[in-house]
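Breakdown of the fold
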Amino acid sequence: MSTPDATDASRSATPPPVEDPLTGADLHVTVSFDRASIWRSGLILMGLGAALLLFLWLFSVLSHFLFLLLLAWLFATALEPGIRWLVHSGRSRGFATAVVGGSAILVALALTAVFGQLFFNQITEFIRGLPELTTTVIDWVNTQFGTALDPTTISAQLRLDPTEIASWAGPLSGGVLEAVGSLSSVLFDLVTVLVFGFYIAGDGPRLVHTLAAWMPPRGQEVFVTITEITIAKTGGYVVSKIVLAAASAVFHGIFFAAIGVPYWLPLALFAGITAQFVPIVGTYLGVILPVLATVFISPWQGVAIIAFAAVYQQIETYIFTPRVSEKTMDVNPAIALGAVFVGAAIWGPLGALIGIPLAAAGVAVLDTYSHRYDLVREVLQVGTSRTEPEATS
């Protein structure tokens with residue numbers, strides 16, 4: 001018996017050739033690598049990775065500036081309905097932008113001059129009174145429910161110790177000028193938003209032309225449609241919410257001042273803003289803080305605030321909102337609430353306010369380009385009384 005040599009072993013390790021099913025001939029497949037192609041592919045992948053890292057670095061550096069540009073765009077969008085009304089009346093766009101934007105700034109400055117010092121004084125007193133308010137609430141909870149909560153420990157966990165309170169209230173106690181002076185970065189951001197906002201509002205059509213020139217004709221049509229939808233719907237939505245929030249703050253402020261609620265001005269602003277820009281639960285969140293600030297000192301004031309908020313909510317829903325928002329769009333409450341949480345998670349408290357306008361723009365575009373179907377009978381019966389299916393013979 002002979003042993004196989006190395007040649008036989010190598011042949012046995014080699015897979016048999018593949019036969020062509022048509023001709024029966026052996027098929028030999030040879031795989032080879034092009035060194036130049038490998039180097040080219042590697043360089044392309046390295047270039048793409050470097051470009052991605054550069055983009056991420058630039059985005060991290062410019063993220064705050066991009067956020068300011070987003071605020072400027074929202075500001076310009078809010079001015080657009082008034083600007084277009086003046087343009088249709090025969091005024092130039094530059095003049096219309098100056099009138100509408102200047103009027104908005106003058107109103108803001110007038111309100112600051114009239115109520116600014118009072119607002120800062122009251123917010124300072126409210127911040128300094130937070131430890132006492134916290135202690136009062138905890139003592140009431142311990143008395144009513146038999147708990148043994150420690151006010152000192154809870155205040156420390158909430159960072160409501162006197163040193164922390166003093167650091168909060170210090171810049172505010174001097175009034176408007178001292179607060180603005182201590183928040184110079186905020187003032188710089190505000191100027192940036194106003195400058196770019198006026199530019200976007202005043203040079204809007206030319207900006208649209210410049211961007212559309214980089215697109216094919218079909219893309220230009222879609223771009224213009226989306227732009228018009230965003231301006232018409234989102235701009236009106238922002239304006240309507242601002243008007244409703246201002247009306248709510250005014251009526252709540254008058255009522256709070258009439259019944260002697262302490263810190264009535266910041267509490268009224270809080271109630272008006274949260275009621276409009278925080279959907280579903282905003283109305284209730286807006287009155288929780290005023291109620292907590294008064295109910296443990298004067299229970300009848302807390303009850304009066306709740307009753308007034310309930311009555312005003314009905315008046316706003318059936319009288320104010322239909323008249324102010326008749327030409328704007330409505331956003332599904334679930335979508336609006338999700339936009340608030342997403343905006344707050346990305347941009348903080350200010351993001352909670354601008355999340356809904358951005359969601360309104362997205363919903364407006366989807367409503368334009370999405371196709372809806374008629375509902376079948378089974379869907380229409382969902383949630384109603386169940387009916388037995390018809391018997392089939």
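Going by an unreviewed UniProt entry, the protein carries the name Permease and comes from Knoellia aerolata DSM 18566. One UniProt comment on the protein, placed under Sequence similarities (unreviewed entry), says "Belongs to the autoinducer-2 exporter (AI-2E) (TC 2.A.86) family." Under the UniProt heading Subcellular location (unreviewed entry), the note attached to the protein is "Cell membrane".

1. Regarding the overall build of the protein
For the protein, the helix and strand inventory stands at 16 helices and 2 strands. In the protein, which comprises 393 residues, the proportion classed as buried is 31%. Residue pairs at least 24 apart in sequence account for 65% of intrachain contacts in the protein once pairs closer than 6 positions are excluded. Only carbon and sulfur atoms are counted for the fraction: they give 69% of the accessible area of the protein, which is about 25,800 Å².

2. Some words on the pattern of salt bridges
For the structure on display, the rule yields 5 salt bridges. For the salt bridge of E80 with R84, the shortest nitrogen-to-oxygen distance reads 2.9 Å. Residue E80 and its partner R84 are located together in helix α2 (residues 35-88), separated by 4 residues, close to a single helical turn. Residue class for E80 comes out buried when judged on its relative accessible area of 6%. The partner of E378 in a salt bridge is R377, with the nearest N and O atoms 3.7 Å apart. Linked by salt bridges that have partners in common, E80, R84 and R93 make up one network.

3. Section: the packing of helix α11 (residues 264-277) against helix α12 (residues 282-294)
The geometry of α11 relative to α12 is characterised by a closest axis approach of 6 Å and an angle of 165° between their N-to-C directions. The angle between the axes of α11 and α12 places the two elements in the roughly antiparallel class. The way α11 lies across α12 gives a crossing that is right-handed. Residues L267, F270, A271, T274 and A275 of α11 pack against G282, T283, L285, G286, L289, P290 and A293 of α12. Residues of the contact of α11 with α12, tallied by class, amount to 8 nonpolar, 4 polar and no charged.

Thresholds applied
- Residues numbered from 1 in each chain as written.
- Predicted model: local features only at pLDDT ≥ 70, side-chain atom pairs only at ≥ 80, totals over all residues.
- Heavy atoms only, no water.
- UniProt positions renumbered as here; feature names shortened; annotations may be inferred.
- Helix = DSSP H or I, 4+ residues; strand = E, 2+ residues; numbered from the N terminus.
- Buried < 20%, exposed > 50% of the residue type's maximum accessible area, 1.4 Å probe, protein only.
- Contact = heavy atoms within 4.5 Å.
- Areas by Shrake-Rupley, 256 points an atom, 1.4 Å probe, with all protein chains shown as cover.
- Salt bridge = Lys/Arg side-chain N within 4 Å of Asp/Glu carboxyl O.
- Axes fitted to C-alpha atoms, helices over the stretch in contact; angles between N-to-C directions.
- Parallel < 35°, antiparallel > 145°, perpendicular 65-115°, else oblique.
- Left-handed = near helix turned anticlockwise from the far one by under 90°.
- Nonpolar A, V, L, I, M, F, W, Y, C, P; charged D, E, K, R; others polar.

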